[in-house]
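# Structural overview
One-letter residues, chain by chain:
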Amino acid sequence: MIGSPRLRRLIPLGTVAVLALALAACARDYPNTTFVPHSDLGRAIDFLWKRLLLFGTAVFILVEAALIFIIWRYRRRNDDIMPPQTHGNVPLEITWTLIPAVILAFIAVPTVRTIFVTQAKAPAGAMVIEVYGHQWWWEFRYPQYNVVTANEIYIPKGRTVDFVLQTKDVLHSFWIPQLAGKRDLIANHINHIWFTPDAKMATTVWNGFCTEYCGTEHAQMHFRVVTVEPAQFGSWVTHQQAPGFFNASVTPANPPGATPAIVAPTNAPIPEQAGVSAIRMAQPNVTPPPPPATPTVTQAQLASFILPRTSVPAYAIPHTPLPSEISFNDRLVGDATNGEKLFVGAGTCNACHAVAGNALAAGVIGPNLTHVGSRIAIGAGMYVNDAPHLARWIKNARIMKPGNIMPTLGKGQYDPQAKTVTSTGLSDPQIADIVAYLQALR
Amino acid sequence: MATTVIGPNVGTGVDTGIETGVPGLKPFTPSPAPATVHSYKGGIWSWLATTDHKKIGTLYLFTALFFFLVGGLEAEILRMQLGAPNRHVVSPEMYNQLFTMHGTTMIFLAIMPLSAAFFNFLIPLQIGARDVAFPRLNAFSYWVYLFGGLFISIPILFGHGPDGGWFGYVPLTTRAYSPGINIDFWVLGLQILGISSLAAGFNFITTIINLRAPGMSLMRMPIFTWMSFVTQFLIVLSFPIITIGIFFLLMDRFFGTQFYEPAAGGDPLLYQHLFWLFGHPEVYILVLPAFGLVSEVLPTFSKKPLFGYPVMVYSGILIGFLGFGVWAHHMFAVGMGPVADSVFGVTTMLIAIPTGVKIFNWLGTMAQGQVRFTTACLFAAGFVALFTIGGISGVMHSSPPADLQQTDSYFIVAHFHYVLFGGSIMGIFAGIYYYFPKLFGRMMDEKLGKTHFWLNFVGMNLTFFPMHFSGMYGMPRRVYTYDSGQGWDVFNRMSTWGAYLIGVATLVFVFNFFKSRRMGKPAGPNPWGAGTLEWTIPSPPPPYNFAVLPTVTSRYPLWEGKEADVESARINQQSGKTAEQLGIVLPYDTIKPMFAAFFLVLMFVGLMTNRWLLAGAAGAMTISLYAWLTSPLEPEHH
């Protein structure tokens, strides 16, 4: 059946298909690719991957070519031909046992070396970011800087980051494809993954994902990583340490004992670039951060570094369409001051959410909202952070993100979990006020 | 000359009509009317009460094909949802139920029972036995599988299907995070199905050890029976582990124990170790029978004995052994530490060696042959081509650091579908096309068969090859949707089109299957000119299989056997007598195993709903078992 004519027809067809796939792979933009690593760990993995791909491709071509050749050469020609009744060939069989064994040795040795290098303890000077997984959002804490944020982190280029991974509920997994591999968040375990983002790379946003199935909204548990210059990072930290910008009663931001915020560019060597063995990890950056230039917070610093919206690449801005079930008058203009009152009053937002600087808002169940206005997305990367989305989120978060534990707050809204229509709750103007308040928290 | 070399050149199969495969023997011409399907006559009672391994095998085949269609339909809905970004064909909750049930169905209700259909039908025929060692236990296994399969499959129709993934990781599947009855069905259903698999496993081990015909030494056993033998050991050694792992979860969910309760110090990794210590051997449980089927198909159509038979046997055993030492490669991201990661990485690489040997030996079998590309042979060759790809990507994630980028991404989905679809399913299709004549006495339509193959082959690659790319470009698994602009759209569209193509291919197969069963050309005892024992008897075989038990002198009695082989084949092929006429004692039909199975499953339903139902079902099952055990298996021998 696989006569040579059919085979000849198949070969160009297959070639076209492979070329089309390869072309598709080159021509498009792949914002979450694992093929272009931007950290030492990413490159160590990529070094192994390239070797695996090389050997894998060689074996693939060899076996499939042999199969196609045999199919073509030994297809039935004549029913009367009796092929030789061979039962085996011991030297041949030993050969094709040993060759794979040798190939595997070339994979196993660098594999084991890489495992021990990359799983060593993180270097002493590393910046620690505590990661807490929640169904379905990410809580991030910078213990050295006393900063708490959600679903969005800034990291300075060229400085080793040690992610300390824990979960508040079920299992999750932490993955930033362009920067490093995954590590699971497991109850009763504390896991680490650490790497040094390249010192020379774009100031931009990377997508992060949850990659361990964690329930209904596993698909909508994203986070954003912003790689910035060290000076920008210092400025960002100062800003994050301050209470929400809206709040009139700004108190000194640095709580007692907090590590000084400003971090100067480090003198750490640039991690290996192409040409140097990628298996070695970057030398730990042990340079202590120099003392802060200005220990007190000024108004200028409060307005300081946040990656401008215009610099956020399109792939980091969610495109999830609004559910049609929720209606809202987007022309309503809210009053932020009233919104703050509603936040701790009728809205009862403070039961779950904290806003630093607002003594009444100290909830710990939901994401910390101190600087929510400055974030790119809401709902753990599900929706873009703007007034229409925020308003509908507040009105009916359980339709916006099915399975969500955030209650349905709008009045007269259908709550898909309780399967009832709310009789009390916020009116649209009230929601607009809260939106104004949240947007002011920059 | 003492040895009559018959050789595989006799019996050229479909093209030339009916051949017996035995020289000097007139072609056995089955009449086109139902006289050839004597095994399958009789009303519904004969199926409910049967203890005949061939009828039980047929029941397994139909049931498993039904569940294969169910699992396939679930997959089509999944692919429909992922065909474009931010699509909402189904809700997130339903998507999660669908992917959980797609995996559970395909593994436990389709591929394993499809293999079991072949175990049942073929093992006694290949070793020259009249039935399995425990015919009534065999019936019990089937009924438990059927009722258990319905138990776990029906809830999704009401929106209450299991939704914790086929792996059911804790703590997500504990009562605290999954309070509904969804996971209850999964936990209990898997326990039920485990009973079926274990009973069958012990049954086949006993059968293979004790019921081989005279002269059928272990190293003369057909390779399918050998791979099945290894598989049964994997089943009886690995299923108790998942039984325990899930029993802890069952206790936690129903009786408030705290095996997996993190607040009480429970360790989610304990569950993962128990699950994968079962889960990895399970991969070989799914693929070894397909190895065996392909190793039967390729020699027949190449007109050559299997290349390197002893090495094929040893590598199968070695894969079985090593399969128990690699489980933690499913857990490279959990942070086991560098030593464990290194050990499991290296053992995983080692398993590639015996697997590679098998692939080269299949190539060696075809090389220098006269390869006849019937549909069965196309599927077998397709199996070699596709399983190779799955094997190579498997080595790619045997390296733990590299796996940190690949695990839980679509790259893994691509990998294991090349293993389970390109491997198990292609091998099983090769087996179905090859053994259909033996099962039903009729040939399958080759034209439709080849249409099925090519649609399936192209569809399969179109579905799963792009997943390598979507995975390496950062797409996580088990997501009900994804956002646009992530670079995944084109690959997902390809995968979805491919899935539709597989759907069309499957419809062609179903049509061919039922059409050929009614109207296929009569097959005769040995339509392919094959060499093993099952081809020495009529198609379909009479209830007693062999009129005279054969004496075996070689691996391929019809190709290289001595006079004795030929003589018994001649008698067996021509026998049109009934068991009574031949004085052969066969087990009674009995419905008691079915009742025992039914009440067993009802007990589990009672555990979920009502304790009185639980008590009543337990009592009824005890009575059924007692009645079963105190009634004689077969008429007294005289």
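The shown structure was predicted, so the numbers you read here are calculated from the model rather than taken from an experiment.

## Here we look at the interface of chain B and chain A
Chain B puts 84 residues into the contact, and the matching count from chain A is 87 residues. Elements with a contribution of two residues or more to the side of chain B that touches chain A: helix H3 (92-127), helix H7 (268-302), helix H8 (309-322), helix H9 (338-366), helix H10 (375-396), helix H11 (400-406) and helix H13 (446-472) of chain B. Per element, the largest residue contribution to the side of chain B that touches chain A is 14 residues, and it comes from H9(B). Residues belonging to the side of chain B that touches chain A are distributed by class as follows: 46 nonpolar, 28 polar and ten charged.

## So, the confidence of the model for chain A
Note that predicted coordinates carrying low pLDDT should not be read in detail. In this model, chain A carries a mean pLDDT of 84, and residues with pLDDT of at least 70 account for 80%. Here residues 282-302 of chain A scores under 50 on pLDDT; set against residues more than four positions off or in separate chains, the count is 46 contacts.

## Quick word on the nonpolar core
Ranked by internal contacts, the top residues of the largest apolar core, which has 307 residues, are Ala64(B), Val294(B), Val297(B), Phe379(B), Ala380(B), Phe383(B) and Ala430(B). Those residues in contact with Val297(B) that sit more than four places away from it in its chain are Ala376(B), Cys377(B), Ala380(B), Ala430(B) and Tyr434(B).

## Concerning the sheet that holds strand E3 (residues 147-150) of chain A
Residues and elements named next belong to chain A. The strand order E3-E2-E1-E5-E8 describes an open sheet built from five strands, whose pairing is mixed. At either end of the open sheet lies a strand with only one pairing partner, and these are E3 and strand E8 (191-195). Pairs of neighbouring strands in the sheet enclose a mean axial angle of 20 degrees, with direction left out of account. As paired elements, strand E2 (residues 137-142) and E3 share four bridges and run antiparallel to each other. Bridging across to E3, Tyr142 finds its partner in Val147.

## Topic: the confidence of the model for chain B
Residue and element names in this part refer to chain B. Predicted confidence across chain B gives a mean pLDDT of 91, with 93% of residues reaching 70 or more. Every residue in residues 1-39 is under pLDDT 50, and counting partners more than four places away or in other chains gives 89 contacts. Both scores are available for the predicted complex, with the pTM at 0.90 and the ipTM at 0.89.

## Quick notes on the environment of Gln220(A)
The topology assignment puts Gln220(A) in the loop between strand E9 (204-210) and strand E10 (222-228). C-alpha separation for the pair Gln220(A) and Cys210(A), spaced ten residues apart in sequence, amounts to 8.3 Å.

## Some thoughts on the packing of helix H18 (residues 592-609) of chain B against helix H19 (residues 611-630) of chain B
The packing of two helices is summarised by the inter-axis angle and the distance between the axes. Residue and element names in this part refer to chain B. Interhelical geometry of H18 versus H19 gives an angle of 165 degrees and a closest axis separation of 7 Å. In this view, H18 runs roughly antiparallel relative to H19, as classed from their interaxial angle. The hand of the H18/H19 crossing is left-handed. Along the contact surface, H18 presents Lys592, Pro593, Phe595, Ala596, Phe599, Leu600, Leu602, Met603, Val605, Gly606, Leu607 and Thr609, while H19 presents Arg611, Leu613, Leu614, Ala617, Ala618, Ala620, Met621, Ser624, Leu625, Ala627 and Trp628. Among the residues making up the contact of H18 with H19, the classes are represented as 18 nonpolar, three polar and two charged.

## A look at the sheet that holds E10(A)
All names here are of chain A. The mixed open sheet is built from five strands, whose spatial order is E4-E10-E9-E6-E7. Taken across any chain shown, the strands that pair with only one partner, and hence form the sheet edges, are strand E4 (152-156) and strand E7 (183-185). The sheet shows a mean angle of 30 degrees between the axes of neighbouring strands, taken without regard to direction. This element, helix H4 (residues 230-241), spans E4 and E10 of the sheet and lies at about 140 degrees to E4.

So, how was this worked out
Residues numbered from 1 in each chain as written. Chains lettered and ligands numbered in written order. Predicted model: local features only at pLDDT ≥ 70, side-chain atom pairs only at ≥ 80, totals over all residues. Contact = placed C-beta atoms within 7 Å. Helix = DSSP H or I, 4+ residues; strand = E, 2+ residues; numbered from the N terminus. Nonpolar A, V, L, I, M, F, W, Y, C, P; charged D, E, K, R; others polar. pLDDT = per-residue confidence, 0-100. Core = buried A, V, L, I, M, F, W, Y, C linked by C-beta atoms within 7 Å. Buried ≥ 20, exposed ≤ 12 C-beta atoms within 10 Å, placed from the backbone. Pairing = 2+ DSSP bridges. Axes fitted to C-alpha atoms, helices over the stretch in contact; angles between N-to-C directions. Parallel < 35°, antiparallel > 145°, perpendicular 65-115°, else oblique. Left-handed = near helix turned anticlockwise from the far one by under 90°.

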